[in-house]
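Inside the fold
For reference, the chains in residue letters:
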Amino acid sequence: MENPIRKIICGKDPKNGFAFVVGQTVYGGGEIHAIALDGRAEQLYGRLRYLIYIENEDGIVLWKSIDGMPVIVEYDIELS
């Protein structure tokens, strides 16, 4: 079984890429609740897409999708 994703870094150069971490506070209120690989996009289009969900006053909502760019994935090994 694969561990949950804890962090992703997006961009060609990891040092200058965007990092998204579960628990990180986001602009506009809320914090990152989960990062998931979109299996449907992979099946339908053969592309990797990551979905980032935040938890705010509206509940858990989709905040961003990362598609078509290099991504480094870090898994949460504490939950294994």
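To start, this report covers the structure provided alongside it. Every value quoted in this text rests on a predicted model; they were computed, and no experiment measured them.

A closer look at the packing of aromatic side chains
Here the structure, examined in full by the defined rule, presents one aromatic pair. Centroid distance F20 to W63: 6.0 Å. Interplanar angle 80 degrees. Geometry classified as edge-to-face. One end of the pair, F20, is in strand β2 (residues 18–21); the other, W63, is in strand β5 (residues 59–67), and 43 residues separate them in sequence. Given the relative accessible area of 9%, F20 is considered buried. Judged by relative accessible area, W63 falls into the partly exposed class, the value being 30%.

Remarks on the environment of G30
For G30, the position within the fold is in the loop between β2 and β3 (31–37). Filtering out sequence-adjacent residues up to four positions away, G30 remains in contact with Q24, T25, E55 and N56.

What about the pattern of salt bridges?
According to the stated counting rule, one finds three salt bridges in the structure shown. Between D38 and R49 there is a salt bridge, with its nearest N and O atoms 2.8 Å apart. With D38 in the loop between β3 and α1 (39–45) and R49 in strand β4 (residues 49–56), this residue pair connects regions lying eleven residues apart in the sequence. Relative accessible area serves as the criterion here: at 25%, R49 is assigned to the partly exposed category.

Thresholds applied
- Residues numbered from 1 in each chain as written.
- Predicted model: local features only at pLDDT ≥ 70, side-chain atom pairs only at ≥ 80, totals over all residues.
- Heavy atoms only, no water.
- Phe/Tyr/Trp six-rings, centres within 6.5 Å; stacked < 30°, edge-to-face > 60°.
- Helix = DSSP H or I, 4+ residues; strand = E, 2+ residues; numbered from the N terminus.
- Buried < 20%, exposed > 50% of the residue type's maximum accessible area, 1.4 Å probe, protein only.
- Contact = heavy atoms within 4.5 Å.
- Salt bridge = Lys/Arg side-chain N within 4 Å of Asp/Glu carboxyl O.

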